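The residues making up each chain are set out below.
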Amino acid sequence: MGSLLEIIALHPADAEAAQEGGADRLELCASMEADGLCPSVSTVSAIRRVTDLPLRVMLRLENSFTTNGADLNRLTAMAQSFLSAGADGFVLGFLTPDNQVDGESVGQLVSTFAGTPWTFHRAIDAVLEQQPAWRALRTLPGLDCVLTAGSSIGVAHGLDDLCRLAKEDPAVAGVMMAGGGLQPEHVPWLYQSGVRRFHVGTSVRQDGSWTKAYVNSRFVRSWRNLLDAQDARE
């Protein structure tokens, strides 16, 4: 099985360019100044009309990793609307006030779309103890991917920890998706550690801008070629 390349898409133009460049999957979100919140249902519908790539939609209402009953009710309803609009999966993750995985809240939400795959997002980078957090994630139904930079401030600072976690536990490597300031020079180290999923945002946009540029298909293709070259060496 080859490496997976996931691209963040904010608009239909992003999705078209990502598919043209060779992406395998899209993460759909909005409000990148808040590190990604729920997009509109209309955006999901519009993106679904222009691509047949799998779409994972962000389920996050505020720039926080905690949640409450009212927000969970809203997210439950939104998840069903996103599925109707063409979503194939979701991206979510909650922490308790003391920065541990909030398995109860996550479990409550994912139970409402049982059978739909989902990604635990970079909330994992804000937990205090990584190993208990990863153990907690293994108990959550439907989880097949964990997006992590290994550090709350990006892959450049968390690379060593990501590689160590992946090398120590093949089960962790199997679900780990590296992202959060990921750069091409990080890929060989991650690949050698067993990581095969890669998540890219600003580095496929001109000048790394969320607001001034759409995804550039040539930049996506360069990432596709990089991962294909790693796969070919295996």
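About the criteria used
- Residues numbered from 1 in each chain as written.
- Predicted model: local features only at pLDDT ≥ 70, side-chain atom pairs only at ≥ 80, totals over all residues.
- Heavy atoms only, no water.
- Helix = DSSP H or I, 4+ residues; strand = E, 2+ residues; numbered from the N terminus.
- Rg over C-alpha atoms; globule rule 2.2 N^0.38 Å.
- Buried < 20%, exposed > 50% of the residue type's maximum accessible area, 1.4 Å probe, protein only.
- Contact = heavy atoms within 4.5 Å.
- Areas by Shrake-Rupley, 256 points an atom, 1.4 Å probe, with all protein chains shown as cover.
- Lys, Arg positive; Asp, Glu negative; His and termini not counted.
- Charge placed at Lys NZ, Arg CZ, Asp CG, Glu CD.
- Core = buried A, V, L, I, M, F, W, Y, C linked by side-chain atoms within 4.5 Å.

**Student:** Can you help me understand the overall build of the chain in this one?
**Tutor:** Counting secondary structure elements, the chain contains nine helices and eight strands. Whereas a compact globule of 234 residues would reach a radius of gyration of roughly 17 Å, the chain reaches 17 Å, a difference of no more than 12%. Referenced to the eigenvectors of the C-alpha coordinate spread, the extents of the chain come out at roughly 45 × 40 × 30 Å. Counting across all 234 residues of the chain, residues that qualify as buried make up 52%. Residue pairs in contact within the chain that sit at least 24 positions apart in sequence constitute 64% of those at least 6 positions apart. If you sum the accessible surface of the chain, you get close to 10,300 Å²; carbon and sulfur atoms cover 49% of it. Computed over 19 positive and 27 negative side-chain charges, the inter-centroid distance for the chain is 4 Å.

**Student:** Looking at this structure, how should I read the nonpolar core?
**Tutor:** One recurring pattern in soluble globular proteins: nonpolar side chains tend to sit buried together. Judged by nonpolar contacts, the single largest core of 66 residues is most densely connected at Ile7, Leu26, Phe90, Leu92, Trp118 and Phe120. Per-element tally for this core: the top contributor is helix H6 (residues 155-168), with six residues. Trp118 has contacts with Arg56, Phe90, Leu92, Val106, Val110, Phe113, Leu140, Pro141, Gly142, Leu143, Asp144 and Cys145, leaving out every residue within four places of it along the chain. Judged by nonpolar contacts, the second largest core, of six residues, contains Ile8, Cys29, Met58 and Val91.

**Student:** Whenever I open this one, unusual backbone geometry confuses me. Can you help?
**Tutor:** Of note, Ser31 is a non-glycine position whose phi angle comes to about 55°, a positive value. Of note, Ser31 is situated in the loop between strand E2 (25-28) and helix H2 (41-50). With phi around 60°, Asn99 is a residue other than glycine that occupies positive phi space. Structurally, Asn99 can be placed in the loop between strand E4 (89-92) and helix H4 (103-110). Judged by relative accessible area, which is 30%, Asn99 ranks as partly exposed.

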